[in-house]
Amino acid sequence: MFAHISRQIAVRAASRAHPLSSAIARRRLTTTPSGLGSRPVQSVSPLAPIGVEAALAGAPAEPKIFAEFALTDRVALVSGANRGLGLEMALALAEAGARAVYCVDLPAAPGAEWEAVRAHVARMGGGRRLEYASADVRDQEAMWDVGDEVGAREGRLDVCVAAAGVLRAHTDCLEYPAEQFREVVDVNANGVLFTAQAAGRQMARFGNGGSIVLIASMSGSITNRDHAWVSYNSSKAAVVQMARSMACELGPRKIRVNSLSPGHIYTTYVPQTAQATARAIVDVMTAAYLDTQPELLDKWSSLNPLGRIGRPDELRGVVTWLASDASSFCTGSDILVSGGHHAW
Ligand SMILES: NC(=O)c1ccc[n+]([C@@H]2O[C@H](COP(=O)([O-])OP(=O)(O)OC[C@H]3O[C@@H](n4cnc5c(N)ncnc54)[C@H](O)[C@@H]3O)[C@@H](O)[C@H]2O)c1
């Protein structure tokens, strides 16, 4: 077990230098393990030999596909993870083997749903744990402090999911109030940048590379029919471009950055105080709309080829893929998971 992990670390270290940093490395020819020929090698899978190469090398016939998705011993930070998609994705990362997933959200203390998920993760064993940190993603200094603290406690930070986001009520674009526009952009664009910085600075500090997943939306590249959401849509388009831009800057440091753009997903929210109930209508993503306008469920469902909206658990696979070595050649991409909404 320990020998296996240290071998992985050694191989990862060997493949850490950026391929473009050395023209010599680019030209170097290495014999493949199968001995069937030679070809240029710029990087090596931490699980090598793998795939066809393993078969040709006569390696033990053990399936490796799930091992590629494993996050064993890695540390993650997920914003907006007190509930909704952030919490669902934090759990997926823990199930995939992350030893600690730091959930960042606004409330001073996490809610009952988060506590139940934390206990569920603890019962899974393997040293997995969910941690909670209260911070506002709009506060750059506070977010950097959270990142520093995670780095100091864990000695690494490998995965970031920036999921905190807000949607405001239907508002005519010609009358859109400046303050409300700023509020949405502040959380959905500035907050996503500050979250990615908080984690990315630690990834750069520890030198292991990492994967940053910015939660955008299909609304970053399509407009939701009959919904006057100009601030939300604009902020999500910014997130898609932010991922491309950061990916290009951070590639040489082996930090991958992608955006994940869901379609309509029903995220429930049970307000726990009278004040929270009053704010729910402006604060909550889909439940605020579907619970008060149930006819929208049929409408939204009819807008994609699958004829239904999505479940939060339907993002488990894609976020684990993006976070793990299974997506090691994917950066600067926007992954749309919309039930096909964007295709129509
Ligand atoms: N649910 C959907 O249909 C859908 C579709 C596409 C994209 N998304 C995106 O997915 C993400 C999560 O959506 P959700 O449906 O889980 O929403 P949600 O409202 O259930 O959860 C959002 C979380 O973000 C937190 N948050 C808001 N402002 C914050 C701030 N300033 N600092 C820290 N935390 C803050 C909230 O407290 C909440 O826990 C959002 O970015 C959203 O835009 C959702």
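Residues numbered from 1 in each chain as written. Predicted model: local features only at pLDDT ≥ 70, side-chain atom pairs only at ≥ 80, totals over all residues.

The name given to the chain in an unreviewed UniProt entry is Sorbose reductase sou1, with the source organism recorded as Artomyces pyxidatus.

Draft legend 1. Spotlight on the overall build of the chain. Along the backbone of the chain there are 13 helices and nine strands. By the burial criterion, 39% of the 344 residues in the chain qualify as buried. Across the chain, every contact between residues at least 6 apart in sequence was considered, and the portion connecting residues at least 24 apart equals 71%. (Helix = DSSP H or I, 4+ residues; strand = E, 2+ residues; numbered from the N terminus. Buried ≥ 20, exposed ≤ 12 C-beta atoms within 10 Å, placed from the backbone. Contact = placed C-beta atoms within 7 Å.)

Draft legend 2. Structural context of the packing of helix H8 (residues 178-206) against helix H9 (residues 230-250). The interhelical angle for the contact between H8 and H9, taken along N-to-C directions, is 20°, at an axis separation of 9 Å. It follows that H8 is roughly parallel to H9 by the angle criterion. The chirality of how H8 crosses H9 is right-handed. Counted together, Gln180, Phe181, Val184, Val185, Asn188, Ala189, Val192, Leu193, Ala196 and Gly200 of H8 and Ser231, Tyr232, Ser235, Lys236, Ala238, Val239, Met242, Met246 and Leu250 of H9 form the full contact between these two elements. Classifying every residue of the contact of H8 with H9 by side-chain character gives 13 nonpolar, five polar and one charged. (Axes fitted to C-alpha atoms, helices over the stretch in contact; angles between N-to-C directions. Parallel < 35°, antiparallel > 145°, perpendicular 65-115°, else oblique. Left-handed = near helix turned anticlockwise from the far one by under 90°. Nonpolar A, V, L, I, M, F, W, Y, C, P; charged D, E, K, R; others polar.)

Draft legend 3. Just the site of the ligand, in detail. If you check the shell around the ligand, you find 28 residues, and the closest are Gly80, Gly84, Gly165, Thr267 and Met285. Counting only elements with at least two residues in the shell around the ligand, the list comes to helix H5 (84-95) and H8. Of all the elements, H5 adds the most residues to the shell around the ligand, at three residues. Here the shell around the ligand is composed, by residue class, of 13 nonpolar, 11 polar and four charged. (Near = placed C-beta within 6 Å.)

Draft legend 4. How the structure looks around unusual backbone geometry. With an omega dihedral of -5°, the bond running from alanine 48 to proline 49 counts as a cis peptide bond. Secondary-structure assignment places proline 49 in the loop between strand S2 (38-40) and helix H3 (52-56). Positive phi is not limited to glycine here, since aspartate 73 has a value of about 70°. Here aspartate 73 shows up in the loop between helix H4 (65-69) and strand S3 (75-79).

Draft legend 5. Representation of H8 within the structure. Taking 1.5 Å per residue, 29 residues should reach 42 Å; H8 reaches 41 Å between its end C-alpha atoms and fits that length. Residue glycine 207 follows H8 closely and has a positive phi angle near 70°. (Expected span 1.5 Å × (residues − 1).)

Draft legend 6. Examining the pairing of strand S5 (residues 129-134) more closely. Pairing of strand S4 (residues 100-105) with S5 involves six bridges; the strand directions are parallel. Looking at S5, one finds that cysteine 103 is bridged to tyrosine 132. Crossover handedness for the path S4 to helix H6 (residues 112-124) to S5: right-handed. (Pairing = 2+ DSSP bridges. Right-handed = clockwise from strand over helix to strand, strands pointing away.)

Draft legend 7. Structural context of the environment of isoleucine 215. You can see isoleucine 215 is positioned in strand S7 (residues 210-215). Its 26 C-beta neighbours within 10 Å are what place isoleucine 215 among the buried residues. Linking isoleucine 215 and asparagine 258, residues 43 residues apart in sequence, is a C-alpha distance of 8.8 Å.

Draft legend 8. Structural context of the sheet that holds S4. Taken together, the seven strands give an open sheet; going across it, the order is S5-S4-S3-S6-S7-S8-S9, and neighbouring strands pair in parallel fashion. The sheet terminates laterally at S5 and strand S9 (334-337), the two strands that pair on one side only. Ignoring strand direction, the axes of neighbouring strands in this sheet form an average angle of 20°. Relative to strand S8 (residues 255-262), S7 runs parallel, the two sharing six bridges. What sits directly across from isoleucine 215, in S8, is leucine 260. Its contacts with the sheet put H9 on S7, S8 and S9, and the angle it makes with S8 is roughly 165°. Its contacts with the sheet put helix H13 (residues 316-323) on S3, strand S6 (159-162), S7, S8 and S9, and the angle it makes with S7 is roughly 140°.

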